[in-house]
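# Results of the structural survey
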Amino acid sequence: MTMFESIRRKLAGDVRTAIDKPAEFRADVEYTIQGVRRGTISPRDVLIPAVSTLATLAFVFVLLLPIYWVLMIALQGEGATLYSTDSAGLIPEQFSLDAFVWVVGDLYIPGAIFRIAVPFTDIVYYFEWPRIVFLDASNYVDSTSDFPRYFWNSLFIGVATVVIAMSLIVPAAYAFSRREFAGRMKLLYGYILFTQIGGGLGIAALIALYTIFSSTGLTNNKLVLAVYYAAMAVPFNTWLLKTYMDSIPVSYEEAAIMDGASPFRVAWEIVLPLAKPGLATIFIFIFLTGWMEFIVAQLVLRPENYTLPVGLFSLVDTYTVPWGRFSAFALVYASPIVFVYMFAQRYIESGLSFGGVSG
Amino acid sequence: MQEWISDNSALLLVLPGLFFFSLFMFFPLLFTIYLSFTDAEPATVFQDGPGGLTGFFGLRGVENFVGLENYVAVLSDPAFWNSLGITWLFVAVSVTLKVAFGLFLAMLVTSDRVRGKRYLRSIIIIPWALPPIFTITIWKGVFSSARFGLANQAVMALGYGTQSWFNDRWLAFGTYLLTEMWLAYPFMVIITVSALQAVPDDLLDAAKVDGAGFVHRFLNVTVPSIKRPVMFAAILTAAASFTQFLIPYVFNRGGPGRANELIILYGYREAFTFDAYGAGAAIMMTAVVFIGIFMLAAVWKGQLAEGVN
């Protein structure tokens, strides 16, 4: 719980900073204006940063135009299209959340009946709670998407991938960082090499992988896919976590060993808690591998097991793309990842030291 | 022996990960090599072949061993050389674009003249956070041949007529390049920004005092100190370009016709669209050899793994 507490605290801090920012900015501007009036700040020193900042902002806006464009299309509702009307302006003429309702579908807690029998008697109590509906999509749209099903498939694969991968990676990273064994350096070099060409080799082996999966009857199996993703995540994340563990001073462990702690307790109670930021980083990376992977998932899964990326692609793989629906689907799929990145950015930037590269 | 085991007991912690990685990486690669010497196709490869050790525990179908036939066929096929050529062209041009654009953006968001750089940095790396299939399908929409496609609106604003982007070979190739650049720039920016921040300010100031202009300072102070990280990023991104699959696949299946099939897509299409698993495997293995030579040379020349301990 302490980790969630610290994340909560940091998020609250971020929100507070964001709220305070406009006032701070106004104060800065006022100070600058007064400075210019009094002549303590030369207009040239104000003008150059102001102009270059505005130019940069405009440039960044153009750079991110495709994302903005998708957002605008999604906000125009279900039937939005770029083919019929001149609706591709910067601000849409009509707003509608239909497309998002279509994506999300009904929001409800399913009804359930519990049966509790009192032991040694014939008395049975039944508890029942009704279906609680937050949003009934049929009030707004004729049909709903398969997004919820794809979502649960993706979540299942993502969670399974993380569990399997962590149980492979954490012990290995600990061993690489803290122990000596035969072939350690060679293995580490191999892993670093594979972080860089692994993706390409994985695609090159696609035909064989598909043949093996098919011959052994393992296609369309979500758990097998999760094991595959976990295996692919091993080299990069082992290396990353090992690099992080290297930065934890050995003296803590030595103190614990002096006090008679077993090697297992040292690893479990000292190294792992200290490695939390590293663990969080690889947790996100591993989860996102499963969440975003498309090529293999598309090849081996059948419609009932489609994950979100495959579901997204199946929307556009027709001649008449429903752009409004596609955009809403895509945004709902991608937005959590953006938020995670935004929050985790400072940790990722510091975690990715790219050891041995700088200089 | 006993002593060796107790000295190396930590190896036990590494082996499970290594085992799974080998199972899903090296074993399929070995199987690819095997397939590339056979006439495998769906009709034969999925039939139950011989069991036991020689049948790879039931993995083998009734495909026949054809020796080097696939390689001879592939290497004498002009379509293969076209695909390999267009792939290397894609790598060369896209890496140049990615490095140049990433450097430009990184200079922009570390410049003293721009305010709010920290926020700008977190905004411009947003494309990095988006799933590739998401961004690539958006770009497919951008290059829609309809009059209201974003790209067509842009060229019309410049006074040109609408284009059907995917029906012309070099226009389609251009859309691949632009999309690849957009996908990869956040990675380049992050690496370059951290490299730029390590450039010693005293050196830049000293050069300024000596009267060196912006271009001179950039070429003689900045470039030498960021050379290695940027080269590192360029090598990684070159490998990514070489194995680019999704962009041509999503845009127009490597079209028009088969003109723009990058090498991995070419092998994939041979195997899964034309049901020639053997030939597809041979193409993939040839691609692996090329990327392997390139990466080994890069790792060796660029000393990528230096500083490991």
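Residues numbered from 1 in each chain as written. Chains lettered and ligands numbered in written order. Predicted model: local features only at pLDDT ≥ 70, side-chain atom pairs only at ≥ 80, totals over all residues. Heavy atoms only, no water.

## Considerations on the overall build of chain A
Along chain A, the regular secondary structure elements total 14 helices and 4 strands. By the burial criterion, 45% of the 359 residues in chain A qualify as buried. A total of about 19200 Å² of accessible surface is found on chain A, and carbon and sulfur atoms cover 66% of it. (Helix = DSSP H or I, 4+ residues; strand = E, 2+ residues; numbered from the N terminus. Buried < 20%, exposed > 50% of the residue type's maximum accessible area, 1.4 Å probe, protein only. Areas by Shrake-Rupley, 256 points an atom, 1.4 Å probe, with all protein chains shown as cover.)

## Concerning the overall build of chain B
Across its full length, chain B carries 15 helices and 0 strands. Against the compact-globule benchmark of 19 Å for 309 residues, chain B has a radius of gyration of 24 Å, which places it well outside the compact range. Expressed as lengths along the three principal axes of its C-alpha atoms, the size of chain B is roughly 80 × 70 × 35 Å. Put simply, chain B has 309 residues, and 53% of those count as buried. Sequence-distant contacts in chain B: of pairs separated by 6 or more residues, those separated by 24 or more amount to 68%. Of the roughly 13900 Å² that chain B leaves accessible, carbon and sulfur atoms contribute 66%. Looking at charge distribution, chain B has the averaged site of its 18 positive side-chain charges lying 15 Å from that of its 19 negative ones. (Rg over C-alpha atoms; globule rule 2.2 N^0.38 Å. Contact = heavy atoms within 4.5 Å. Lys, Arg positive; Asp, Glu negative; His and termini not counted. Charge placed at Lys NZ, Arg CZ, Asp CG, Glu CD.)

## Side note on the layout of surface pockets
Residue and element names in this part refer to chain B. Counted as a void, the second largest pocket has a volume near 930 Å³. As for the second largest pocket, its lining consists of 23 residues, of which Met107, Thr110, Ser111, Asp112 and Phe214 are closest to the centre. Taken together, the elements giving at least two residues each to the lining of the second largest pocket come down to helix 5 (78-108), helix 6 (117-124), helix 10 (169-197), helix 11 (201-209) and helix 12 (214-242). Residue classes in the lining of the second largest pocket are distributed as 10 nonpolar, 5 polar and 8 charged. (1 Å grid on protein atoms, 1.4 Å probe; cavity = no way out; pocket = protein on both sides within 12 Å on 5 of 7 lines; lining within 4 Å. Points joined across faces, edges and corners; volume = space filled by probe spheres on them. Nonpolar A, V, L, I, M, F, W, Y, C, P; charged D, E, K, R; others polar.)

## What to know about the interface of chain A and chain B
Each partner contributes residues to the interface: chain A has 97 residues there, and chain B has 93 residues. Contact between chain A and chain B buries roughly 8400 Å² in total, counting both sides, with carbon and sulfur atoms accounting for 80%. On inspection of chain A and its partner chain B, the count reaches 0 salt bridges. Ranked by the residues each element gives to the side of chain A that touches chain B, the list is headed by helix 6 (residues 184-204) of chain A, at 17 residues. (Buried area = accessible area lost by both parts, 1.4 Å probe. Salt bridge = Lys/Arg side-chain N within 4 Å of Asp/Glu carboxyl O.)

## Remarks on helix 9 (residues 150-157) of chain B
Those residues of helix 9 of chain B that fall on the buried side of the exposure criterion are Leu150, Ala151, Asn152 and Val155 of chain B. On its buried side, helix 9 of chain B packs onto helix 3 (65-75) of chain A together with helix 8 (132-142) of chain B. A positive phi of about 95° marks Gly159 of chain B, the residue just after helix 9 of chain B.

## Description of the UniProt feature "transmembrane region" (unreviewed entry) in chain B
Residue and element names in this part refer to chain B. Listed under "transmembrane region" (unreviewed entry) in the UniProt record, and renumbered for this structure, are residues 12-37, 86-107, 119-139, 182-199, 230-251 and 276-300. The distance separating the terminal C-alpha atoms of residues 12-37 is 36 Å; by composition the span is 96% helix and 0% strand. Here residues 276-300 runs as 96% helix and 0% strand, with 36 Å between its end C-alpha atoms. (UniProt positions renumbered as here; feature names shortened; annotations may be inferred.)

## As for the UniProt feature "domain: ABC transmembrane type-1" (unreviewed entry) in chain B
When the UniProt feature table is mapped onto this chain, "domain: ABC transmembrane type-1" (unreviewed entry) is found at residues 84-295 of chain B. Annotated as residues 84-295 of chain B, this span is 75% helix and 0% strand, and its ends, taken at the C-alpha atoms, are 17 Å apart.

## With respect to the nonpolar core
Grouped burial of nonpolar side chains is what soluble globular proteins tend to show. By size, the foremost hydrophobic cluster in this structure holds 199 residues, and its most contacted members are Phe329 of chain A together with Leu35, Tyr185, Phe245, Phe251 and Tyr268 of chain B. The residues contacting Tyr268 of chain B, other than those within four sequence positions of it, are Leu206, Gln298 and Leu299 of chain A together with Phe245, Tyr249, Thr273 and Met284 of chain B. (Core = buried A, V, L, I, M, F, W, Y, C linked by side-chain atoms within 4.5 Å.)

## Some remarks on the UniProt feature "transmembrane region" (unreviewed entry) in chain A
Residue and element names in this part refer to chain A. The sites that UniProt annotates as "transmembrane region" (unreviewed entry) are residues 46-71, 150-176, 188-211, 223-241, 279-301 and 321-344. As annotated, residues 46-71 comprises 96% helix and 0% strand, and the C-alpha atoms at either end are separated by 34 Å. Each end of residues 279-301 is marked by a C-alpha atom, and these two atoms are 30 Å apart; helix forms 87% of the span and strand 0%.

## Re the environment of Phe27 of chain B
The residue Phe27 of chain B is located in helix 2 (residues 11-36) in this model. Residues Phe27 of chain B and Ala146 of chain B lie 119 residues apart in sequence; the distance between their C-alpha atoms is 46 Å.

## Points about the pairing of strand 2 (residues 112-117) of chain A
Residue and element names in this part refer to chain A. As paired elements, strand 2 and strand 3 (residues 124-129) share 6 bridges and run antiparallel to each other. Of the residues in strand 3, the one forming a bridge with Ala112 is Trp129. If you look at the hairpin formed by strand 2 and strand 3, you'll find 6 residues sitting between the two strands, and Phe120 has a positive phi there, around 65°. (Pairing = 2+ DSSP bridges.)

## Details of the packing of aromatic side chains
Going through the model one piece at a time under the given rule, you end up with 49 aromatic pairs over all chains. A ring pair is formed by Tyr210 of chain A and Phe272 of chain B, whose centres lie 5.3 Å apart and whose planes are at 85°; its orientation type is edge-to-face. Taken together, the residues Tyr210 of chain A in helix 7 (residues 206-215) and Phe272 of chain B in helix 14 (residues 263-272) connect one chain to another. Of the residues examined, Phe272 of chain B reaches a relative accessible area of 18% and is grouped as buried. Where Phe19 of chain B meets Phe20 of chain B, the ring centres are 5.5 Å apart and the plane angle is 80°; that geometry is what we call edge-to-face. In textbook terms, an aromatic cluster arises when at least three aromatic residues are bridged by ring pairs, as seen for Phe147, Tyr150, Phe151, Trp152, Phe287, Trp291, Tyr306, Phe329 and Tyr333 of chain A. Sitting over the ring of Tyr249 of chain B, Arg253 of chain B keeps its end group 4.3 Å from the ring centre. (Phe/Tyr/Trp six-rings, centres within 6.5 Å; stacked < 30°, edge-to-face > 60°. Lys NZ or Arg CZ within 6 Å of the ring centre and 35° of its normal.)

## Quick word on the packing of helix 8 of chain B against helix 10 of chain B
Pairs of packed helices are described in terms of their axes, by the angle between the two and the distance that separates them. All names here are of chain B. It is the contact of helix 8 with helix 10, at a shortest axis distance of 11 Å, that shows an interaxial angle of 145°. In terms of crossing hand, the pair formed by helix 8 and helix 10 is right-handed. Of the residues in helix 10, those in contact with Thr135, Ile136 and Trp139 of helix 8 are Leu178, Thr179, Trp182 and Leu183. Its residues assigned to classes, the contact of helix 8 with helix 10 comprises 5 nonpolar, 2 polar and no charged. (Axes fitted to C-alpha atoms, helices over the stretch in contact; angles between N-to-C directions. Left-handed = near helix turned anticlockwise from the far one by under 90°.)

## Notes on the packing of helix 7 of chain A against helix 2 of chain B
Between helix 7 of chain A and helix 2 of chain B, whose axes approach to 8 Å, the crossing angle comes to 100°. It follows that helix 7 of chain A is roughly perpendicular to helix 2 of chain B by the angle criterion. Residue-level contacts link Ile207, Ala208, Leu209, Thr211, Ile212 and Phe213 of chain A of helix 7 of chain A to Phe24, Phe27, Pro28, Phe31, Thr32 and Leu35 of chain B of helix 2 of chain B. (Parallel < 35°, antiparallel > 145°, perpendicular 65-115°, else oblique.)

## Side note on the confidence of the model for chain A
For any part of a model where pLDDT is low, the fine detail of the predicted coordinates should not be relied upon. All names here are of chain A. Summary statistics for chain A give a mean pLDDT of 79 and a share of 84% for residues scoring 70 or more. For chain A, strand 4 (residues 132-135) is the element with the lowest average pLDDT, namely 68, and helix 5 (residues 147-178) is the one with the highest, namely 91. Contacts for the low-pLDDT stretch residues 351-359, under 50 throughout, to residues beyond four places or in other chains number 18 contacts. (pLDDT = per-residue confidence, 0-100.)

## Side note on the environment of Pro322 of chain A
Note that Pro322 of chain A resides in the loop between helix 13 (308-316) and helix 14 (323-351). Overall, the relative accessible area of 26% leaves Pro322 of chain A in the partly exposed class.

## Quick notes on the pattern of salt bridges
Tallied over the entire structure, the rule returns 10 salt bridges over all chains. Close ionic contact of Lys242 of chain A with Asp246 of chain A constitutes a salt bridge, the shortest N to O distance being 2.7 Å. Within this pair, Lys242 of chain A and its partner Asp246 of chain A are both found in helix 8 (residues 222-246), separated by 4 residues, close to a single helical turn. Linking Lys98 of chain B and Glu180 of chain B is a salt bridge whose minimum nitrogen-to-oxygen distance equals 2.7 Å. Highlighted residues: Lys98 of chain B in helix 5 and Glu180 of chain B in helix 10, separated in sequence by 82 residues. The exposure class of Glu180 of chain B is buried, given its relative accessible area of 3%. Counted as one network, the salt bridges with shared partners bring together Arg258, Glu261, Arg269 and Glu270 of chain B.

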